[in-house]
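Overview (structure and organization)
What follows is each chain in one-letter form.
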Amino acid sequence: MEEEARKLFEEGIRKKLISPGKGELSTFPNGTKVVFHYRTSLLDGTVLDDSRTMGGHSKPMELILGKKFKLAAWERVVTTMKQGEVAEFACDTKHTALYPLVSQSLRNISAGKDPLEGQRHCCGIAQIHSHHSLGHKDLDQLQASPQPLVFTIELLEVLPPGSFQLDVWAMTDEEKLQLVPQIHEEGNVLFKQGQIQEATEKYYNGIACLKNLQMKEHPGDEAWVKLDHMVTPLLLNYCQCKLLQGQYYEVIEHCSSLVFKYEDNVKAFYKRAKAHAAVWNEVEARADFNKVLELDPSLGPSVAKELKAMEERIRIKEKEEKGRYKGLFNYNAPPATATTG
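About the cut-offs
Residues numbered from 1 in each chain as written. Predicted model: local features only at pLDDT ≥ 70, side-chain atom pairs only at ≥ 80, totals over all residues. Heavy atoms only, no water. Salt bridge = Lys/Arg side-chain N within 4 Å of Asp/Glu carboxyl O. Helix = DSSP H or I, 4+ residues; strand = E, 2+ residues; numbered from the N terminus. Buried < 20%, exposed > 50% of the residue type's maximum accessible area, 1.4 Å probe, protein only. Axes fitted to C-alpha atoms, helices over the stretch in contact; angles between N-to-C directions. Parallel < 35°, antiparallel > 145°, perpendicular 65-115°, else oblique. Left-handed = near helix turned anticlockwise from the far one by under 90°. Contact = heavy atoms within 4.5 Å. Nonpolar A, V, L, I, M, F, W, Y, C, P; charged D, E, K, R; others polar. pLDDT = per-residue confidence, 0-100. Pairing = 2+ DSSP bridges.

Attention shifts here to the pattern of salt bridges. Oppositely charged side chains can pair when the atoms bearing their charge come close. A complete count under the given rule lists 20 salt bridges for this structure. For R14, the salt bridge is made with D92, and the minimal N-O distance between the two is 3.0 Å. Separated by 78 residues along the polypeptide, R14 in strand 1 (residues 13-19) and D92 in the loop between strand 5 (86-91) and helix 3 (99-110) bring together distant segments of the chain. Judged by relative accessible area, D92 falls into the partly exposed class, the value being 26%. We note a salt bridge from E282 to R286, for which the minimum N-O separation is 3.1 Å. Here the residue E282 and the residue R286 both occupy positions in helix 11 (residues 282-295), the gap between them amounting to four residues, near one helical turn. Through salt bridges that share partners, E3, R6 and E10 make up one connected network.

This part covers the packing of helix 9 (residues 248-261) against helix 10 (residues 266-278). Two packed helices can be described by the angle between their axes and the distance between those axes. The N-to-C vectors of helix 9 and helix 10 enclose an angle of 150 degrees; their axes lie 9 Å apart at closest approach. If you check the angle between helix 9 and helix 10, you find them roughly antiparallel. Handedness of the helix 9/helix 10 crossing: left-handed. Contact residues: Y248, V251, I252, C255, S256, L258 and V259 in helix 9; A268, F269, K271, R272, A275, H276 and A278 in helix 10. Among the residues forming the contact of helix 9 with helix 10, the class breakdown is ten nonpolar, two polar and two charged.

Quick look at the environment of C91 now. Of note, C91 is situated in strand 5. Overall, C91 belongs to the buried group, its relative accessible area being 0%. Along the chain, C91 and K15 lie 76 residues apart, while their C-alpha atoms are 8.9 Å from each other. Those residues in contact with C91 that lie beyond four places of it in its chain are G12, I13, T96, P148, L149 and F151.

Quick look at the confidence of the model for the protein now. Caution applies to low-pLDDT regions: their predicted coordinates should not be interpreted in detail. In this model, the protein carries an average pLDDT of 88, and 88% of its residues clear a pLDDT of 70 or more. The low-confidence segment residues 119-131, where pLDDT is below 50, has 25 contacts with residues more than four positions distant or belonging to other chains.

Okay, the packing of helix 3 against helix 5 (residues 137-144) next. For the pair helix 3 and helix 5, interaxial distance at closest approach is 9 Å and the crossing angle is 160 degrees. As judged from the angle between their axes, helix 3 and helix 5 are roughly antiparallel. At the point where helix 3 passes helix 5, the crossing takes the left-handed sense. Mapping the contact onto sequence places Y99, P100, L101, S103, Q104 and R107 in helix 3 and D138, L139, L142 and Q143 in helix 5. Partitioning the contact of helix 3 with helix 5 into residue classes produces five nonpolar, three polar and two charged.

On to the pairing of strand 2 (residues 33-41). Most of strand 2 sits inside the fold, with eight of its nine residues counted as buried. In terms of strand pairing, strand 2 meets strand 4 (residues 61-64) through four bridges, oriented antiparallel. Its bridge partner lying in strand 4, F36 is registered against M61. As paired elements, strand 2 and strand 6 (residues 149-159) share nine bridges and run antiparallel to each other. Pairing of V34 across the sheet is with V158, part of strand 6. Here strand 2 runs beside strand 3 (residues 47-50); their pairing, made up of three bridges, is antiparallel. Looking at strand 3, one finds that R39 is bridged to D50. The loop that links strand 2 with its antiparallel partner strand 3 comprises five residues; one of these, G45, has a positive phi angle of about 95 degrees.

This is the structure we're talking about:
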């Protein structure tokens, strides 16, 4: 262990053992899956990220060794740890330059967004030297002025190759493309069973998978368009789940992006109309419902039903508001009398 610590030190990584692990040190062959919690801090102790609290929930990091993860230092340090071990690794700047991009992706995932959202169609090094904002002030500052970081890691599991199913992000492009129809069907089955949250996650994984492949194509090219046509039904299903979960503004955002590209997508207009109606955007809802009728007159009965429901909700709301404010301007009420204690 002292020899390993010396090697790390020579590489610009200083290890501090906090709690020893159990058993023997794994050989960590390529393809090994490691599961760990991490906390990333500046040298002054300021915490940037913590997998136990990120996004309001605790979700450990999972890595497949040998897949050329963007932050090579994490692969390097976990191979010095036993399962159950907790250790602190102070890494020189040469090991942390790409951390802002990694952190942005992890924060996107924790927020339920595309992990590649906000990242340009270029390599990580090119992004580091650009002035492109990552959407987080602390990461923008770190990107502009790279500095050493401290990673506190708790190694939870070490799984040998072949003992687990590959996560989507660890697959080859061909494997991802072959997996999407399966993910889509699994989502549909879960939706029919009423397992909306689980279906949402399936659709999201399918979308993220295709978006990852799209990043490697030029927007508008044949391959990019083909992938986008695969994204569309998944995104519509995802929006249906979000409607049922009451995430109306997210539905409006996604459906707006669809109708911007595909002006004849009646399903996108219909779901956006329902979302607008749910958040009292009456004018926008009526406009979208009219567009639905223009594109598909056979949906007239369904649209009429939705409009009737919206009008009833508006009527009830107006009645409640009148009752709530009744008496506020009752000029016949006796004037208040001032008293002294």
